[in-house]
Amino acid sequence: MPTETFEFQVEARQLLQLMIHSVYSNKDVFLRELVSNASDALDKLRLEKLRDDALDAEVSDLHIEIDVDKEARTLTVRDNGIGMSYEEVGKLIGTIANSGTATFLKDLKEAQDEAGAEGLIGQFGVGFYSGFMAADEMTLVTRRAGETQGTRWTSRGEATYTLETVDDAPQGTSVTLHLKPADPENQLHDYTSPWKIREIVKRYSDFITWPIRMVPEADASADGDSTPEPETLNSMKALWARSRSEVSDDEYHELYKHISHDWREPLETIRLQAEGTFEYQSLLFIPSHAPHDLFTREFKRGVQLYVKRVFIMDDCEALLPPYLRFVKGVVDAADLSLNVSREILQQDRHILMMQRRLTKKVLSTVKDFMTKDADRYATFWREFGTVLKEGLVTDSENSEAILAVASFATTHSDDEPTTLAGYVERMKDGQDDIYYLTGDSRQSIENSPHMEAFRDKGIEVLLLTDAVDEVWVDAVGEYEGKKLRSVAKGEIDLDGEKDEKADGERAKQAEDYAGLLGWMGEQLEADIKEVRLSTRLTVSPACVVSDAHDLTPALEQMYRAMGQ
Ligand code: ADP
Ligand code: MG
């Protein structure tokens, strides 16, 4: 087959431009991305071979190899993993499948500063293309395990790439970077230096469970025949299987970055080990920022599942409930079959128990933030409060624990949110209920005529602005025996104890105004149910009140976001 030339997708081209004119100052990470892809490819091959013994693939010495050639100024990362077919190379390398990429590129254009841009790049894990931060040309040669023909892909990172078939490609993939010219001013970025490679691998990829080898360049002074021994650069220890005291925070953070594609530090690392009939080890991470696509249907939730150190699947949804979909991490279970499928996991009793335990652990970690580290709690709630509140609707078993760590904007303070416990402490004598009002923004709620009487009487009202708030208040109903009541729904009696004189006055008023109310009711018949005198207004002449059980349009939007 002749060499074919293809055009990159528009998004891919934009991303490549970004890489070439690298806004990201830490170029070293391209090596982490390539090693990470190689490691994934080895995981995939091992699993495929385990599931299909007939697969014609060599699996006795799965590893990653890094070669540098100072003379030619090339750096090659090679693996003998699953490889890619001709079609796959075009599909996987030539396009950007991630639906969030368009948003990403738009945000990136708007990001004012370098730090903002770096953060955004981190969220989207540009992966393979990051090679163009260090190279002006990349070549990839690959052969899918079980197939006989290989494929070569080349590109200079501009508008096009080429594909051709090759006959003698070894199983797996090798990616060769033709490095940009050396910068004599800046030895720090000399990727032909074995010392530099060693350092980068150690820093970013030490926990990779496959050996990462480097063959030192032949030493001219040594006698000709002896080929130098390859050196293994990483320690290959699965972090979740090591004891807490042996692992540094930095190491945990690198694992987090590897599995999450986030280049920022996580907010917290959570370890959990279970022994006994169903053994597992887990390492969960709470990110420090909510990803852009958290509220889209496409968002991939779930953590990685391993069985006795063997990678089984990404995005394993069965391990955590949907409202904890932002949590990343690894669960390594001892007693599962390697052939376990997503469907089986959904129904497995042990997995369900594991999910409950992990859920409680995450919630108790948030509780710890709250009691021990106010800043961390504030960050957590700002980023993930909205999604956590979905749990109030869907997870009745834990709704109390979620309520305990929830906080809400309130009329009590302009900028400090309050917990429900805080609200209850400040409740007025004789006040039985917790009042709230939902709306689009704090300002629109505060301007609502419904608020007038509450402001007048100095009664605190929670200001709820998330779509999910409409739902959970009904689902939960009360907090410590105190009803949650919307100031916009049903009749509200703010004076507590009925006072006969006031009652009499109201009855008289109702009589006086009966004619007017009746007439208004007739005029507005098509739009409203009833016109009545109000005790809740002090300044505005009228307001619309909904029935205690009506729902709002914001809900529909939220259910869609939750994928229901
Ligand atoms: P990601 O790793 O986040 O999927 P990348 O840009 O790093 O994104 O890689 C894109 C895809 O190309 C991978 O998902 C994988 O399918 C394929 N790929 C990249 N490198 C390799 C490799 N060494 N072996 C096999 N497939 C690879
Ligand atoms: Mg990758």
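Describing the overall build of the protein
Next up, step 1: In terms of helices and strands, the protein carries 17 helices and 20 strands.
Next up, step 2: The burial tally for the protein puts 48% of its 564 residues in the buried class.
Next up, step 3: Put simply, of all contacts in the protein between residues at least 6 apart along the chain, 72% involve residues at least 24 apart.
Next up, step 4: Of the roughly 28400 Å² of accessible surface on the protein, a fraction of 48% belongs to carbon and sulfur atoms.

Here's the deal with unusual backbone geometry
Next up, step 1: One non-glycine residue with positive phi stands out, namely D315, at about 50 degrees.
Next up, step 2: Within the secondary structure, D315 sits in strand 13 (residues 310-316).
Next up, step 3: Of note in the backbone geometry, E480 takes a positive phi value of approximately 45 degrees without being a glycine.
Next up, step 4: Tracing the sequence through the fold places E480 in the loop between strand 19 (478-479) and strand 20 (482-486).
Next up, step 5: By relative accessible area, which is 60% here, E480 ends up exposed.

Some points on the packing of helix 9 (residues 349-372) against helix 10 (residues 374-394)
For any two helices packed against each other, one specifies the inter-axial angle together with the distance between the axes.
Next up, step 1: Between helix 9 and helix 10, the least distance of the axes is 8 Å, while the angle of their chain directions is 140 degrees. On the basis of their axis angle, the class for helix 9 and helix 10 is oblique. Helix 9 and helix 10 meet at a crossing whose hand is left-handed. Every residue of helix 10 that contacts helix 9 at L363, V366, F369, M370 and K372 is listed here: A374, R376, Y377, F380 and L388.

A word on the pattern of salt bridges
Next up, step 1: In total, this model carries 39 salt bridges according to the counting rule given.
Next up, step 2: With a shortest N-O distance of 3.8 Å, D43 and R46 are connected by a salt bridge. With D43 and R46 both in helix 2 (residues 29-51) and three residues apart, the pair spans about one turn of that helix.
Next up, step 3: We classify R46 as partly exposed; its relative accessible area is 22%.
Next up, step 4: A salt bridge links E251 to R242, with the shortest nitrogen-to-oxygen separation between them at 3.7 Å.
Next up, step 5: In this structure E251 comes out as partly exposed when scored by relative accessible area, which is 23%.

Here we look at the site of ligand 1
Next up, step 1: Lining the immediate surroundings of ligand 1 are twelve residues, of which N37, D79, L92, F128 and T173 lie closest.
Next up, step 2: Contact distances for ligand 1 include 2.8 Å between an oxygen atom and a side-chain N or O atom of N37.
Next up, step 3: In the complex, the protein chains occlude 79% of the 540 Å² of accessible area that ligand 1 would expose alone.
Next up, step 4: Where the shell around ligand 1 is concerned, the elements lending two or more residues are helix 2 and helix 3 (86-94).
Next up, step 5: If you tally residues by element for the shell around ligand 1, the top one is helix 2, at three residues.
Next up, step 6: Partitioning the shell around ligand 1 into residue classes produces six nonpolar, four polar and two charged.

A look at the sheet that holds strand 3 (residues 74-79)
Strand-to-strand pairing in sheets goes through backbone hydrogen bonds, with the strands running parallel or antiparallel.
Next up, step 1: With mixed pairing, nine strands are arranged side by side in an open sheet as 1-6-5-4-7-3-2-8-9. Two strands lie at the open edges of the sheet, namely strand 1 (4-7) and strand 9 (231-232), each paired on one side alone.
Next up, step 2: Looking at chain direction, strand 2 (residues 64-69) and strand 8 (residues 212-214) are connected through three bridges and run parallel. Bridge pairing links I64 to I212 in strand 8.
Next up, step 3: Strands strand 2, strand 3, strand 7 (172-179) and strand 8 of the sheet are contacted by helix 2, whose axis makes an angle of about 20 degrees with strand 3.
Next up, step 4: With respect to the sheet, helix 6 (residues 194-205) is in contact with strand 2, strand 3, strand 8 and strand 9, its orientation differing from that of strand 8 by roughly 175 degrees.

Focus: the sheet that holds strand 11 (residues 280-286)
Next up, step 1: Within the open sheet, the five strands sit side by side as 10-11-14-12-13. Their pairing is mixed. The two strands at the open ends of the sheet, each matched to only one other strand, are strand 10 (268-274) and strand 13. Taken pair by pair, the neighbouring strands of this sheet meet at an average axis angle of 15 degrees, ignoring direction.
Next up, step 2: As defined by bridge partners, strand 12 (residues 303-307) adjoins strand 14 (residues 328-333) across four bridges and the pair is classed as parallel. Counterpart to Y306 in the pairing with strand 14 is D332.

Section: the packing of aromatic side chains
Next up, step 1: Within the structure shown, the criterion is met by 18 aromatic pairs.
Next up, step 2: Pairing F8 with Y129 gives two aromatic rings, centres 6.2 Å apart and planes at 70 degrees, and the pair type is edge-to-face. Of this pair, F8 sits in the loop between strand 1 and helix 1 (10-20) while Y129 is found in the loop between helix 5 (114-124) and strand 4 (135-143), placing the two residues 121 residues apart along the sequence.
Next up, step 3: Taking relative accessible area as the criterion, F8 reaches 2% and is therefore assigned buried.

Regarding the pairing of strand 13
Next up, step 1: In terms of burial, strand 13 is a largely internal element, five of the seven residues being buried.
Next up, step 2: In terms of strand pairing, strand 12 meets strand 13 through four bridges, oriented antiparallel. Looking at the pairing, V303 lines up with C316 of strand 13.

Side note on the packing of helix 2 against helix 6
Next up, step 1: Relative to each other, helix 2 and helix 6 sit at 65 degrees, their axes nearing to 9 Å. Regarding helix 2 and helix 6, the two cross each other, and that crossing is right-handed. Residues V29, L31, R32 and V35 of helix 2 pack against I197, I200, V201, Y204 and S205 of helix 6.
Next up, step 2: Class assignment for the residues of the contact of helix 2 with helix 6 results in seven nonpolar, one polar and one charged.

Here we look at the environment of V310
Next up, step 1: Here V310 shows up in strand 13.
Next up, step 2: When its relative accessible area of 12% is taken as the criterion, V310 is described as buried.
Next up, step 3: Spatially, the C-alpha atoms of V310 and R198 are 26 Å apart, while their sequence positions differ by 112 residues.

Some thoughts on a nonpolar patch on the surface
Next up, step 1: On the surface, a cluster of nonpolar side chains totalling about 410 Å² of accessible area is made up of Y513, L516, W519 and L533.
Next up, step 2: In this fold, W519 is placed in helix 16 (residues 500-523).

Points about the confidence of the model for the protein
Next up, step 1: Of the residues in the protein, 84% reach a pLDDT of 70 or more, and the chain-wide mean stands at 86.
Next up, step 2: Mean pLDDT values for the elements of the protein range from 59 in helix 17 (residues 553-561) up to 98 in strand 3.

Things to note about the side chain of D43
Next up, step 1: Looking at D43, the relative accessible area reads 5%, which means it is buried.
Next up, step 2: Discounting residues that sit within four places of it in the chain, D43 has contacts with W210, Y306 and F311.

Rules and cut-offs
Residues numbered from 1 in each chain as written. Chains lettered and ligands numbered in written order. Predicted model: local features only at pLDDT ≥ 70, side-chain atom pairs only at ≥ 80, totals over all residues. Heavy atoms only, no water. Helix = DSSP H or I, 4+ residues; strand = E, 2+ residues; numbered from the N terminus. Buried < 20%, exposed > 50% of the residue type's maximum accessible area, 1.4 Å probe, protein only. Contact = heavy atoms within 4.5 Å. Areas by Shrake-Rupley, 256 points an atom, 1.4 Å probe, with all protein chains shown as cover. Axes fitted to C-alpha atoms, helices over the stretch in contact; angles between N-to-C directions. Parallel < 35°, antiparallel > 145°, perpendicular 65-115°, else oblique. Left-handed = near helix turned anticlockwise from the far one by under 90°. Salt bridge = Lys/Arg side-chain N within 4 Å of Asp/Glu carboxyl O. Near = heavy atom within 4 Å. Polar contact = N/O pair within 3.5 Å; in protein donor to acceptor, adjacent residues only side chain to side chain. Nonpolar A, V, L, I, M, F, W, Y, C, P; charged D, E, K, R; others polar. Pairing = 2+ DSSP bridges. Phe/Tyr/Trp six-rings, centres within 6.5 Å; stacked < 30°, edge-to-face > 60°. Patch = residues over 30% accessible without salt bridge, like charges linked within 9 Å, V, L, I, M, F, W, Y side chains within 5 Å. pLDDT = per-residue confidence, 0-100.

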